[in-house]
Amino acid sequence: MTQSDSSNYTLQAKSDKFHWEGTGQLSIKTFMNGRAFYKTSRGYFSVEEGRYLLVNDGPYTITIEENQPVESFCVFFKQGLAADVHRTLTDSTDNLVSDPYKQNGAVEFFERTYVTTPTLSKLLQKTKALHSHLDCTSNEEQYHFLMENLLISHFHHLEETESILAVKRSTREEIYRRICIAHEYIRAYFHQSLTIEDLAKMACLSPNHLIRTYSQLYGKTPHRHISEFRIEKAKTLLKNPELSMTDIAFELGFQNPASFTRMFTQFVGIPPTHFRKKSDFGKE
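All figures in this text were calculated on a predicted structure; none of them were measured in a lab.

Definitions and limits used
- Residues numbered from 1 in each chain as written.
- Predicted model: local features only at pLDDT ≥ 70, side-chain atom pairs only at ≥ 80, totals over all residues.
- Heavy atoms only, no water.
- Salt bridge = Lys/Arg side-chain N within 4 Å of Asp/Glu carboxyl O.
- Helix = DSSP H or I, 4+ residues; strand = E, 2+ residues; numbered from the N terminus.
- Buried < 20%, exposed > 50% of the residue type's maximum accessible area, 1.4 Å probe, protein only.
- Arc of directions from axis to C-beta.
- Expected span 1.5 Å × (residues − 1).
- Axes fitted to C-alpha atoms, helices over the stretch in contact; angles between N-to-C directions.
- Parallel < 35°, antiparallel > 145°, perpendicular 65-115°, else oblique.
- Contact = heavy atoms within 4.5 Å.
- Nonpolar A, V, L, I, M, F, W, Y, C, P; charged D, E, K, R; others polar.
- Polar contact = N/O pair within 3.5 Å; in protein donor to acceptor, adjacent residues only side chain to side chain.

Caption draft 1: Seen up close, the pattern of salt bridges. Counted according to the given criterion, the structure contains twelve salt bridges. The shortest N-O distance in the salt bridge between Lys220 and Glu228 comes to 2.9 Å. One salt bridge connects Glu232 with Lys235, and the closest N-O pair in it is separated by 3.6 Å. Of this pair, Glu232 and Lys235 both sit in helix α8 (residues 222-237), three residues apart, which is roughly one turn of that helix. By relative accessible area, Glu232 is classed as partly exposed at 47%. Under the relative-accessibility criterion, Lys235 is labelled partly exposed at 25%. Taken together, the shared-partner salt bridges in this structure form one network comprising Arg42, Glu174 and Arg178.

Caption draft 2: Local environment of helix α6 (residues 196-203). Taken together, the buried positions of α6 are occupied by Leu199, Ala200 and Ala203. Buried residues of α6 fall within an arc of 100 degrees about the axis and therefore sit on the same side. Backbone geometry just downstream of α6 places Cys204 in the positive-phi region, at approximately 55 degrees.

Caption draft 3: Representation of α8 within the structure. End to end, α8 covers 23 Å across 16 residues, agreeing with the expected 22 Å (1.5 Å per residue, within 8%). Within α8 the residues assigned to the buried category are Pro222, His225, Ile226, Ser227, Arg230, Ile231, Ala234 and Leu237.

Caption draft 4: Structural context of the packing of α6 against helix α7 (residues 207-218). Close contact between α6 and α7 brings their axes to 9 Å; oriented N to C, the two are set at 85 degrees. Considering the angle they form, α6 stands roughly perpendicular to α7. Along its contact with α6, which presents Ile196, Leu199 and Ala200, the element α7 presents Pro207, Leu210 and Ile211. Split into classes, the residues belonging to the contact of α6 with α7 amount to six nonpolar, no polar and no charged.

Caption draft 5: Broad picture of the side chain of Ser46. By the element assignment, Ser46 lies in strand β4 (residues 43-48). Using a relative accessible area of 1% as the deciding quantity, one classes Ser46 as buried. Within the local environment of Ser46, its side chain forms a polar contact with the side chain of Arg35, the two groups lying 3.3 Å apart.

Here it is in structure tokens:
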């Protein structure tokens, strides 16, 4: 974390226990064989394999607490790169030619986790491969390609804000950011006891505004999302024969096994004990 803010660079590491807090530049965080927790001024995030976290300039905290080493690969972008690529993608060719060094304002991305698309995955793999090479030109080009991909994704998410009922664009974008705070908190802590009031306070929205706007963006309520995350995690835990139903229920935030069984049956159509037997049969 000692690199200059004026440079592009990558960091690779492997650890099962890690904690760091400080100030960093615009970056993306990816992990394999486990997950990491982040806290920024925009909320709490859980980053696992298959997703990446995009963090703007500023302070943040990372914590890893796993039973096996987690592999991290993080890409940091120099100041001004996002604005430069953004202008190339949005300004006219005439303006780019007549004033090639015009300075644009900083780009603020939506700070949240994203699914790692096949295209981005290939770009990250190539960036990792180039990390040990001494060809500075190829390395620098790769950061530009990565930033272009991130900005195209950003434009797509800006379009998503159009569904939010607000006159001003800046208001729609701010509401989107606040809904993302609630969604990311659910992704990180679905296994804990969460209430609509807790999520609304986290997002600085009224409970009704949160429910209505969250449903517009995700097509389901916060409670429904919490339940779905719990069910997916439960399916994984049920494949471990060493865990009892009580262990699983408590790990997922249920007060007792009966509550867990009720919800699992409602969503999956069979009790968790039957699902476990089917999973064991599949292994054979």
